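Okay, here's what each chain looks like letter by letter:
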Amino acid sequence: VLIVAGDIYDRSVPPASAVTLLDETLHRICDELAVPMIMISGNHDSAERLSFGARQLQRSGLHILGDLQQVAEPVVITINGVENHFYGIPYCDPESVRHTFSGELQQEGAPEIKGYDSAHTFLVDKIKAVMPTDTNNVLISHCFVAGAEESDSERPLSIGGADQVSSSPLLAFDYVALGHLHSPQYRGAETIRYSGSLLKYSFSEQHQRKSVTKVELLPGVDAVITQLPLQARRNVRILEGELDGLILSGAADEHCDDYVLVRLTDTHAILDPMGKLRQVYPNVLHLERPGLMSEGQVRCARDTLKRGSLEM
């Protein structure tokens, strides 16, 4: 089973090319390779658009989970005689949970949904209330587990850390496949894991080792987890130094077509530094000049010097 834990697209209304690419990928996996696939919607996706035709697509082995009302209804897949239950919690904010379960939450003794953590725990508890104990139970959730490592390219779910949820309610599952954060990591237990993004989407991710996570589940045995590394066609790197030195090293760089951010340490003005860099690094995406003072800084420095000489 192939699991994708949200952010299928990078925006709620994706470009036509992204839709075409997804269609080709799903055909390759579900039809040609006959591998069942389960995906949930993330905060970048439109759950309604992504879920179009979901009931019909189940027949081909593609299961799209984007409806909060169905979080306690598992996708059941039997592999080698072993029954596996997959539950999906698509990305949702507290207001969506309160609206979807308004009738249930108004009953006496119902929990109060104040934020992301209580909303997520409420949904997890609904699953655990019906979850059998004699099967493999896998949860798929798109959320920000407290204490996990962020990257610059992730779209915040809320401001000030209010979007974080606890890992404690997730310990009851045999495995938890998390989506949202781009860095491969686990929190709370090794079985509560982000596989991370397939590619590096910002320069803050330059040192991340991208991979997919292979999980083997057998009855009564701890999950066996293996990281399968991915090698992108082009890496994402930050280069720092003086222009002449970077141009010299770039001429001999076997990976000069990587996506590059350059920090020039030259302190003097340079004519068309980006054009010169792109002669050896054609995919320079961003240029920084931390060693060069802005015109306003230079003027301020000159004024300071003048005042100092007058005072003397």
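As a reminder, the structure under discussion sits directly above these lines.
The shown structure was predicted, so the numbers you read here are calculated from the model rather than taken from an experiment.

## Regarding the sheet that holds strand β3 (residues 62-65)
Alright, step 1. Taken in spatial order, the 3 strands of this open sheet run β1-β2-β3, and their pairing is parallel. In this open sheet, the two strands that pair with only one neighbour each are β1 (2-4) and β3. In this sheet, neighbouring strand axes are inclined to one another by 15° on average, regardless of whether the strands run parallel or antiparallel.
Alright, step 2. Both strand β2 (residues 37-40) and β3 contribute to a ladder of 4 bridges, which runs parallel. Considered in β3, the bridge of Ile40 is made with Leu65.

## Description of a nonpolar patch on the surface
Alright, step 1. Side chains of Leu198, Leu199, Tyr201, Val212, Leu228 and Leu230 sit close together on the surface and give an oily, nonpolar patch of about 520 Å² of accessible area.
Alright, step 2. Note that Leu230 resides in the loop between β13 (221-229) and β14 (236-241).

## Observations regarding the sheet that holds β14
Alright, step 1. With parallel pairing, 3 strands are arranged side by side in an open sheet as β14-β15-β16. Two strands close off the open sheet at either side, each with one partner strand: β14 and β16 (284-288). Across the sheet, the mean angle separating the axes of adjacent strands is 20° when strand polarity is ignored.
Alright, step 2. Pairing of strand β15 (residues 259-264) with β16 involves 4 bridges; the strand directions are parallel. By the bridge assignment for β16, Val262 is matched with Leu287.
Alright, step 3. Most of the contacts of helix α7 (residues 243-251) go to β14, to which it runs at about 135°, and overall it touches β14 and β15.

Thresholds applied
- Residues numbered from 1 in each chain as written.
- Predicted model: local features only at pLDDT ≥ 70, side-chain atom pairs only at ≥ 80, totals over all residues.
- Heavy atoms only, no water.
- Pairing = 2+ DSSP bridges.
- Helix = DSSP H or I, 4+ residues; strand = E, 2+ residues; numbered from the N terminus.
- Axes fitted to C-alpha atoms, helices over the stretch in contact; angles between N-to-C directions.
- Patch = residues over 30% accessible without salt bridge, like charges linked within 9 Å, V, L, I, M, F, W, Y side chains within 5 Å.
- Areas by Shrake-Rupley, 256 points an atom, 1.4 Å probe, with all protein chains shown as cover.
- Salt bridge = Lys/Arg side-chain N within 4 Å of Asp/Glu carboxyl O.
- Contact = heavy atoms within 4.5 Å.

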